[in-house]
Each structure stands twice: as C-alpha cells, then as structure tokens.
Amino acid sequence: MKFFLDTGNVEEARKVAAWGLLDGVTTNPSLVAKEKRGFKEIVLEMCSITPGPVSAEVIAVEASAIIDQAHEIRTWAENVIVKVPLIPEGIKALHVLSGEGIKCNVTLCFSPLQALLAAKNGAAYISPFVGRLDDVGTDGMQLVEEIHTIYQNYGYTTEIIVASARTSMHVLQAAMIGADITTMPFAVMEKLFNHPLTDKGLSSFLADWEKSGLKIG
Ligand code: G3P
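Remember, it's a predicted structure, so these values are computed and weren't measured experimentally. The residue numbering used here restarts from 1 in each chain and proceeds along that chain's sequence as written. Given that this is a predicted model, residues contribute local features only at a pLDDT of at least 70 and side-chain atom pairs are listed and counted only at 80 or more, while totals for whole chains, interfaces and linings are drawn from all residues. Side-chain metrics rest on all non-hydrogen atoms present in the structure, leaving aside hydrogens and water.

J.: Honestly, the site of the ligand in this entry has me stumped. Any pointers?
T.: Lining the immediate surroundings of the ligand are Asp 6, Asn 28, Lys 83, Phe 129, Arg 132, Ala 163, Ser 164 and Arg 166. At 3.4 Å, a side-chain N or O of Lys 83 approaches an oxygen atom of the ligand. In the complex, 84% of the free accessible area of the ligand, which totals 310 Å², lies under the protein chains. Among the detected pockets, the ligand sits in the largest pocket. Here a residue is near a molecule or strand as soon as one of its heavy atoms is found within 4 Å of it. In the analysis that follows, any N or O atom pair within 3.5 Å is treated as a polar contact, provided that within protein one partner can donate a hydrogen and the other can accept it, and provided that, for residues neighboring in sequence, both atoms belong to side chains. The Shrake-Rupley method, run with a 1.4 Å probe, gives the accessible areas here. Residue values count only the displayed protein chains as cover. Here a cavity denotes grid points, spaced 1 Å and computed from the protein atoms alone, that fit a 1.4 Å probe unable to get out, and a pocket denotes an open set having protein on both sides within 12 Å along at least 5 of 7 lines; residues with an atom within 4 Å of a point are the lining. Assignment of a molecule to a cavity or pocket requires that more than half of its atoms lie within 2 Å of the corresponding grid points.

J.: Looking at this structure, I do not really get the nonpolar core. What am I missing?
T.: For soluble globular proteins, nonpolar side chains are generally found buried alongside one another. Definition used in this section: a nonpolar core is a set of buried Ala, Val, Leu, Ile, Met, Phe, Trp, Tyr and Cys residues joined via side-chain atoms within 4.5 Å. For every residue, the accessible area (1.4 Å probe, protein chains only) is compared with the maximum for its type, and the residue is labelled buried under 20%, exposed over 50%, or partly exposed between those bounds. Counting residues in hydrophobic clusters, the biggest one holds 60 residues, and the most contacted among them are Val 106 and Ile 126. Discounting residues that sit within four places of it in the chain, Ile 126 has contacts with Leu 86, Asn 105, Val 106, Cys 109, Ala 115, Ala 118, Ile 147, Tyr 151, Thr 158, Glu 159, Ile 160 and Ile 161. Any two residues whose heavy atoms approach within 4.5 Å are treated as being in contact.

J.: I would appreciate a short explanation of the layout of surface pockets in the present structure.
T.: To find the voids left in a structure, one rolls a probe of water-molecule size over its atoms. Grid points are joined across faces, edges and corners, and a volume is the space filled by probe spheres set on the points. Size it by volume and the largest pocket reaches roughly 360 Å³. Asp 6, Asn 28, Leu 31, Arg 132 and Pro 185 are the residues nearest the centre of the largest pocket, which is lined by 23 residues in total. By residue class, the composition of the lining of the largest pocket is six nonpolar, 10 polar and seven charged. Ten residue types, Ala, Val, Leu, Ile, Met, Phe, Trp, Tyr, Cys and Pro, are classed as nonpolar, four, Asp, Glu, Lys and Arg, as charged, and the remainder, Gly among them, as polar.

J.: What am I meant to see in the sheet that holds strand β4 (residues 80–85) here?
T.: Whenever strands of a sheet pair, they do so through backbone hydrogen bonds, lying parallel or antiparallel. Paired strands, as defined in this entry, are two strands with at least two bridges between them according to DSSP. Each helix is a run of H or I in the DSSP string that is no shorter than four residues. Each strand is a run of E no shorter than two, and both are numbered from the N terminus. Around the barrel, eight strands lie side by side as β1-β2-β3-β4-β5-β6-β7-β8; this closed barrel has parallel pairing. Taking the axes of each pair of neighbouring strands and ignoring which way they run, one obtains an average angle of 30° across the sheet. Relative to strand β8 (residues 181–184), strand β1 (residues 2–6) runs parallel, the two being bridged by four bridges. Counted as the bridge partner of Phe 3 is Thr 182 from β8. Strands β5 (104–109) and β6 (125–128) of the sheet are contacted by helix α6 (residues 112–120), whose axis makes an angle of about 165° with β5. For helices, the fitted line uses only the C-alpha atoms of the stretch in contact; every axis is such a line through C-alpha atoms, and the angle between N-to-C directions lies from 0 to 180 degrees. The strands that helix α8 (residues 140–154) touches are β5, β6 and β7 (159–162); relative to β7, the one it contacts most, it runs at about 175°.

The values are spatial; any link to function lies outside them.
Have a look at this one:
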C-alpha cells in the first residue's frame, strides 16, 4: 500500500521523504490555507520533494471553471494531480479532463455509487473520506470495502485513496482491505512506528551491551 501525506506543510513532507515512506502528497484548500504561503509555491515545493503524485484541488464548482483551473494546475509540474469535487459539475469536468489525459483525484466521496461515477469517467484516484463518515456514526471503512469490491467487479483501474484517515486503525484496515493508498496526517504516520515492546526491548538490549563492554568493529 502506498503512503501519501495529507498536508500543506513541506517540512512534514521532507521528514516523511527522509524516512523513505513518502509515495505522494494530498493537499486540500483548508490544509493549504493554514500555511500562510502561496498555493502554487507549496505545490511546487511538494512536487520537488516527492516524485509521486501531489494533489492540488480546484476551487471552482462549475465544470468550465473547474476545467480552466485544472489546465492551469496541470502546467505547474509533471507530477501534479488535479483534485476535483464529487459533484455533477465535477464529474462533468472529469469526463473532459480524463479524455485529455489529465489525471484527476476525485475528492469528497462519501458513497460507493459516487465512487462508481468517478471510475466510469476515468478518475485516476477516488478519495473516500473515512474519518468524516465515522464522525457522523457511519462506518467509513465499510465504504472503502464497497468501493474496492465494485472496482474489482468491473476491473476499474481508479486507485482508492483512503482519505480523512485519523487513526492507525484506519491505516491497518485500509491495508487489510487492499486499498491502493492511504493518505494521512503527519501525526498518524508518526504513530505507525510506535510499540511499547519495541522501546522496552531496545532499552534492555542497549543496557546489556553497555554492561558487557563489547564493541562493534
Ligand atoms: O484531504 C482530504 C481529507 O484527508 C481531509 O481529512 O481529517 O479533514 O477529514 P479530514
């Protein structure tokens, strides 16, 4: 499973890239707005940190304006992906953009039928928001399972990005389902390393070595 970082913060992206775990980046207008920097500037820097796809979201809600913004964003870097909202005008724009060979990540997906619409129109990626579904008492990961089944039934190549991932369990469940990608905040990625028995085991190994007087080399 690929790991994307869901952030507008380039320092976070650099840290994950240094771990060798950065397969791509997703941004959204809220994440970018927090950074107090230019949108294009952030996206360009992300594109230089990872060779993987970097999603940059359009702000328009009408198909022709979505297409115009997508054309602009697409010129920014080789690995930039255009994020479009899962609304009728977004799906209409997707039809045109996919036909032009522009890779789109269809965002704000909350139902399996929405995901089917995106796949039918050639979305490169679909982003089901699992955490926001959990927030309203609906099982977000069940949506991922349903999308995975539908895409397998028909051989769609649209990759599933498990988005709005808030916990390590979301990442584990995504991997168990066989989702292509999980995009997660830095805080979630950092937690994937943690296990108290790892820390305890390492402390005792180091203490025993210290007492022994042994040396490497
Ligand atoms: O980038 C889209 C998605 O991952 C947002 O997550 O935590 O704001 O629901 P969240």
